[in-house]
Amino acid sequence: MYPIRKITPSEVPEALSLALEVFMQFEAPDYKPEGVESFKRDIVENEEFIESCKQGVCPIYAAFDNGKIIGIIGMRSNKTHINLVFTKREYHRQGVATAIFNYLLADLLKENPSLKEITLNSSPYGKPFYLHLGFTPTSEELEADGIIYTPMKYSIH
């Protein structure tokens, strides 16, 4: 398997570039222009979020192949909500995101052993993957600022 770890501040631009690349390939075709702009504004062009990632306040976990980021999972500062899950196209269906999730979960439980659940808002494209991991929908599909999503949670036993 590929090495997995939290990214360093200098790797944040590469991670967010990967997020935008994969978003444009797999998510954007299903979204209205407003949704694409929302994603860019809220994530890849949001200086406050970028700075929080660089400071480790919003941790990003990544898998690497020959030193290059091939997949990421990012979290909000509360460390209970996942807000980024992207894997480069050529690494899909190889267990990369599952391995990152398992690493992230173990890391979070070391830091907070009483953690009971992790939440995320799944895109239509990602929903089958999250169901496979054991996430369950907490409501029907919603739309906000052009972003289509299903709120989901993962219960930790």
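Values in this document were obtained by computation on a predicted structure and should not be read as measured data.

**A few points about the packing of helix α1 (residues 12–27) against helix α2 (residues 33–44)**
Link 1 in the chain: Two elements in contact, α1 and α2, have axes separated by 11 Å at closest approach and are oriented at 170°. The angle between the axes of α1 and α2 places the two elements in the roughly antiparallel class. Note on element contacts: α2 touches α1 through G35, V36, F39, K40, I43 and V44, opposite L16, A19, L20, F23 and M24.
Link 2 in the chain: Tallied by class, residues from the contact of α1 with α2 come to 9 nonpolar, 1 polar and 1 charged.

**A word on the packing of α1 against helix α3 (residues 47–54)**
Link 1 in the chain: The interhelical angle for the contact between α1 and α3, taken along N-to-C directions, is 125°, at an axis separation of 10 Å. The angle between α1 and α3 places the two elements in the oblique class. Of the two possible hands of crossing, α1 and α3 adopt the one that is right-handed. Contacts from V12, P13 and L16 of α1 reach α3 at F49, I50, C53 and K54.
Link 2 in the chain: When its residues are assigned to classes, the contact of α1 with α3 shows 6 nonpolar, no polar and 1 charged.

**Focus on unusual backbone geometry**
Link 1 in the chain: For K79, which is not glycine, the phi dihedral falls at a positive 60°.
Link 2 in the chain: Along the chain, K79 turns up in the loop between β3 (68–75) and β4 (81–87).
Link 3 in the chain: Located in the positive-phi region is D145, a residue other than glycine, with phi close to 55°.
Link 4 in the chain: Here D145 lies in the loop between β7 (142–144) and β8 (147–155).

**Regarding the nonpolar core**
Link 1 in the chain: I7, L16, I60, I69, I72, L84 and F86 are the most contacted members of the largest nonpolar core, which has 27 residues in total.
Link 2 in the chain: Breaking this core down by element, the ones donating at least two residues are α1, α2, α3, β2 (60–65), β3 and β4.
Link 3 in the chain: The contact partners of I7, leaving out residues within four places of it in the chain, are V12, A15, I60, A62, F64 and I69.
Link 4 in the chain: Among the nonpolar cores identified, the runner-up in size contains 26 residues, and I4, I70, A97 and F101 belong to it.

Rules and cut-offs
Residues numbered from 1 in each chain as written. Predicted model: local features only at pLDDT ≥ 70, side-chain atom pairs only at ≥ 80, totals over all residues. Heavy atoms only, no water. Axes fitted to C-alpha atoms, helices over the stretch in contact; angles between N-to-C directions. Helix = DSSP H or I, 4+ residues; strand = E, 2+ residues; numbered from the N terminus. Parallel < 35°, antiparallel > 145°, perpendicular 65-115°, else oblique. Contact = heavy atoms within 4.5 Å. Nonpolar A, V, L, I, M, F, W, Y, C, P; charged D, E, K, R; others polar. Left-handed = near helix turned anticlockwise from the far one by under 90°. Core = buried A, V, L, I, M, F, W, Y, C linked by side-chain atoms within 4.5 Å. Buried < 20%, exposed > 50% of the residue type's maximum accessible area, 1.4 Å probe, protein only.

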